[in-house]
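Read off the chains here:
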Amino acid sequence: MAHTPVNHPARPIYRAIGGLVGLYFVVFGVLGVIAAAGDDLLARDDTKVLGQGSNLGFALVSLVVGVLVLAGTALGRNRDVVINGWLAYALMALGLAGLAFIRTDVNIFNWSVATSVVVMTLSLVLLMVSMYGKVGTDEEQDAWQKARLVL
């Protein structure tokens, strides 16, 4: 039995929100590549993109994450649920690691506190999108509704 809603009435809205998160990562990545052009891949300098600390390495990671989220959103058919779920957990881990290592030499992505806050917030939004975006058959929806009413 699934623990997340199936065929949620607001599914199109959640899917659009997921697309907006992917679009944000793509825009951040492109602006980051432009701002860090000519720098080292993992440079630790004063490069800021949209008020967040970044470098060429994190800009490329953001670009890849954004493209993956947008591809999942475009593909649909529960692929977006899986992609958004995995990326949400990966971004949470990355955000916590970034926050832990901000003032150390291990801060390879040149993060600031603002970067950690934004990444953690967007990962929670992606997790929410993955939880409410599942598409299923009418039988799966009925089974989920019955299980929900029992609890």
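Look up a bit, the structure's there.
Small disclaimer: the values here were computed from a predicted structure and weren't measured.

Criteria and thresholds
Residues numbered from 1 in each chain as written. Predicted model: local features only at pLDDT ≥ 70, side-chain atom pairs only at ≥ 80, totals over all residues. Heavy atoms only, no water. Helix = DSSP H or I, 4+ residues; strand = E, 2+ residues; numbered from the N terminus. Buried < 20%, exposed > 50% of the residue type's maximum accessible area, 1.4 Å probe, protein only. Expected span 1.5 Å × (residues − 1). Contact = heavy atoms within 4.5 Å. Polar contact = N/O pair within 3.5 Å; in protein donor to acceptor, adjacent residues only side chain to side chain.

Engineer: Sorry if this is basic, but what is going on with the environment of A93 here?
Structural biologist: Mapped onto the secondary structure, A93 falls in helix α3 (residues 79–100). Looking at A93, the relative accessible area reads 47%, which means it is partly exposed. Between the C-alpha atom of A93 and that of S123, which follows or precedes it by 30 residues, the distance is 9.5 Å.

Engineer: Would you mind going over helix α1 (residues 11–35) with me for this structure?
Structural biologist: Along an α-helix, a turn takes 3.6 residues, which lines up residues three or four apart on a common side. Taking 1.5 Å per residue as the helical rise, α1 with its 25 residues ought to reach 36 Å, and the 36 Å between its terminal C-alpha atoms agrees with that figure. All of the buried residues along α1 are Y14, G18, G19, V21, G22, F25, V26, F28, G29 and G32. Buried-residue contacts for α1 involve β1 (48–49), β2 (52–53), α2 (56–75), α3 and α4 (113–132).

Engineer: Mind showing me how you'd approach the side chain of S112 here?
Structural biologist: By secondary structure assignment, the location of S112 is in the loop between α3 and α4. By relative accessible area, S112 is classed as buried at 15%. Among the polar contacts listed, one links the side chain of S112 to the backbone nitrogen of G53, at a separation of 3.2 Å. Apart from residues no more than four positions distant in its own chain, S112 is found in contact with K48, Q52, G53 and I102.

Purely geometric numbers; function is a separate question.
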